[in-house]
Structures are given as C-alpha cells and as structure tokens.
Amino acid sequence: MSVNVTERLESRAPSRGEVRRRRRGVSHASAGYLFVAPFMVVFLAMLVLPLAYAAYLSLFRERLIGGTVFAGLENYTRALTDPRLLEGIGRVGLFFLVQVPIMLVIALVAALAIDSGLLRMAKVFRLGIFLPYAVPSVVAALMWGYLYGRDFGPFTQLTDALSLPAPEFLSSGWMLGSLANIVTWEFTGYNMIILYAALRAVPHELYEAAAVDGAGAIRTAWSIKIPALRPALLVCLIFSVIGSFQLFAEPQLMQRLAPAVIDSAYTPNLYAYTLAFTGQEVNYAAAVSFLLGAVIVVASYTVLFVTSRRSRS
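Summarised in this report is the structure supplied together with it. (Residues numbered from 1 in each chain as written. Predicted model: local features only at pLDDT ≥ 70, side-chain atom pairs only at ≥ 80, totals over all residues. Heavy atoms only, no water.)

Moving on, we get to the overall build of the protein chain. When you go through the protein chain residue by residue, the secondary structure sums to 14 helices and two strands. By the burial criterion, 35% of the 313 residues in the protein chain qualify as buried. For the protein chain, contacts bridging at least 24 residues in sequence account for 66% of all contacts bridging at least 6. Total accessible area on the protein chain stands at roughly 19,900 Å², and carbon and sulfur atoms take up 67% of it. (Helix = DSSP H or I, 4+ residues; strand = E, 2+ residues; numbered from the N terminus. Buried < 20%, exposed > 50% of the residue type's maximum accessible area, 1.4 Å probe, protein only. Contact = heavy atoms within 4.5 Å. Areas by Shrake-Rupley, 256 points an atom, 1.4 Å probe, with all protein chains shown as cover.)

Now the structure itself:
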C-alpha cells in the first residue's frame, strides 16, 4: 500500500524540465513587465497625473476674499454658457468641415499618383509633399505670415506691380481660409504617407485580376485602391478631428499680425491658454480644457459612428 502511494506522489511531482520551463515562464513575464515599465512611468507622469491635477483644479475657483474655494461644477456650467468659448468651438468646427476634406482629397490624389507607377521622379515628388510636415508649425506660420503680409509680402508686391488691389489674406473674411491653407500645406504630406503605406499593403493579385478584366488605371483606383484605403482614411480623419479642435500655434502667431481679427478666444485652445497664462484663471482654464476634450471625443465618436454605418450599408 505504501509503495503505491509513493509511486503516485512521484508521478505527480514535476520533473526538473517542467520546473525549469515554469521558471523560464516567470522570468519571461518579469522581463515583459520590465520592458513596459519605462512607458508606464512616462505615461503616468506625463499624462495621467497632469490630467488628474487639471481635473482637481477645475473643481475650484479663486476669490478675491477667501482665496481658493470648492466650486464643484460651477466652472463647467460657466464654460457651457460662455459665448466666447462657444463661438471658438463653432469656428474650429467650420474649419474642420472645410479644411479637412480638401486636405484629404489632395493627400489621396498624391498617394494614388505615386502608387500608380506612372509618375516620373516619384521619389522626389513624394519627398516634396512630405517635406512641409518636417517644418515646425511655428516656422510654417511665420513663413506664411510673411507671405500674407499686406505691407511687405510678395503677393502684395506682385499685385502692386500689376496695379491690382492687394489681397486681404489677414482680414476677418479671409483669416480662417488663410489658416486652413497653412495647415493643409503642413499636414498633406503626413496624410499622404499614411495612405501610400496602406496602398503598398494591398495584395498585388487584385491588380493582376483587374488587369485581366481589362480595368484601366482610373477604374483600378476607384474599385480596388480607394475601398482598400477606407481604414487608413478613417485614421487620417480621426487625427484631423483632434488636430482641428486643438488648433493653436498658427492662430497664436498670426494674432501678432492681425490682432484686430484674431482675439484671445479665436480658438478654444488659444482661449484656454490666454485664461491660464494671461488672465490667471487657471481653474476656469482647466474646465475649458476638459470641455474641449469632451467635444473632441464626441466629434471623433460621431465620425466613427457615421463611417461604420456607411460601410455596413
């Protein structure tokens, strides 16, 4: 009887190989956590903690008498009824509806032209479109501000030479279009690279089948390439939603050239920056920032919902 029990215990006991494999599994898991740890530390320190602190600040307000007091959702209620903030959100919403489709169409045409193989010096063309993205936004805004200048810009000099009226690029009616032109010039190449990379992943067998059926370059692009680009176009669209509602550098620099046109609340981001660093209303600026984040989330979800519904239909 004791012999049978001993044999059973020995049969159930793990072998040396199993013990080594378990130890290796534990060591591999620990190594995985070690690889992820630097990212998690930076993520917590640079994103989670600042957001938590900003959320904390948004629940208080400063008083001339009494100092900082708890305000609850009072700052958010004020932001929801702030006409300057609502006007800025509407302005960047219009900016998104006009600028983003134009930018994505140009990026799509450029990506299709490069991928077609019919374009001469395709590498130079691709580099030329992508190069503006490598230029910092501040430098791009300063450069285009010089071009737009009414007193010293080359466009004004050209119209003066032709005895034509100078274009009012920095006027209230043209300013949003001027900013849209700068952003389009900056980010068309970035979106083009995303779309071109997606085109390179399309199976070559589809092109061969289209060629056998007698499809030309335009038909192939319309029936094969563009449908294959829907996920990449959606990514570009989401990035554009976020970037449009976070518009800051370009209007902030253009404000110096046209202070009567671009005020401190021209865009929501510029408004929050002015409230925090000029008006010293840090608590209200934090509430405005969180409200802007909620607007971006709602806009992004709306885009995802509409595009997914159309793809299903």
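Two numbers describe how helix α4 (residues 83–116) lies on helix α8 (residues 175–200): the axes approach to 7 Å, and their chain directions differ by 40 degrees. Between α4 and α8, the angle is such that the two are oblique. In the packing of α4 onto α8, the handedness of the crossing is right-handed. When the residues that make up the contact of α4 with α8 are grouped by side-chain class, the tally is 20 nonpolar, four polar and three charged. (Axes fitted to C-alpha atoms, helices over the stretch in contact; angles between N-to-C directions. Parallel < 35°, antiparallel > 145°, perpendicular 65-115°, else oblique. Left-handed = near helix turned anticlockwise from the far one by under 90°. Nonpolar A, V, L, I, M, F, W, Y, C, P; charged D, E, K, R; others polar.)

Quick look at helix α11 (residues 230–245) now. Compared with the 22 Å implied by 1.5 Å per residue over 16 residues, the 23 Å span of α11 between its first and last C-alpha is a close match. Here α11 has its buried residues at A232, C236, L237, I238, S240, V241, S244 and F245. (Expected span 1.5 Å × (residues − 1).)

With 40 residues, the main nonpolar core has L85, M192, L195, F245, Y271 and V288 as its most contacted residues. Among the secondary structure elements, those contributing two or more residues to this core are α4, α8, α11, α13 (268–277) and α14 (282–312). For this core, the element with the highest residue contribution is α4, accounting for 13 residues. Among all residues touching M192, those that are not within four sequence positions of it are A107, A110, A111, I114, R126, I129 and F130. Ranked by size, the runner-up nonpolar core spans 17 residues in total, among them W144, A180, A258 and Y266. (Core = buried A, V, L, I, M, F, W, Y, C linked by side-chain atoms within 4.5 Å.)

Quick look at unusual backbone geometry now. Despite not being glycine, M121 shows a phi value in the positive range, around 55 degrees. Within the fold, M121 resides in the loop between α4 and α5 (122–134). What makes M121 exposed here is its relative accessible area of 62%. Unusually for a residue other than glycine, S163 sits at a positive phi of about 60 degrees. Here S163 lies in the loop between α7 (154–161) and α8.

Attention now goes to the pattern of salt bridges. Evaluated as defined, the whole model comprises seven salt bridges. Of the charged contacts, one joins R78 and E281 as a salt bridge, the two residues approaching to 3.1 Å between their closest N and O atoms. A residue pair is termed long-range when its members are at least 10 positions apart, and R78 in helix α3 (residues 74–80) and E281 in the loop between α13 and α14 qualify at 203 residues. Judged by relative accessible area, which is 39%, R78 ranks as partly exposed. The partly exposed category is assigned to E281, whose relative accessible area is 29%. Among the ionic pairs, R150 bridges to E168, the shortest N-O distance being 2.5 Å. Taken together, the residues span a long stretch of sequence, with R150 in the loop between α6 (137–148) and α7 and E168 in the loop between α7 and α8 at a distance of 18 residues. (Salt bridge = Lys/Arg side-chain N within 4 Å of Asp/Glu carboxyl O.)

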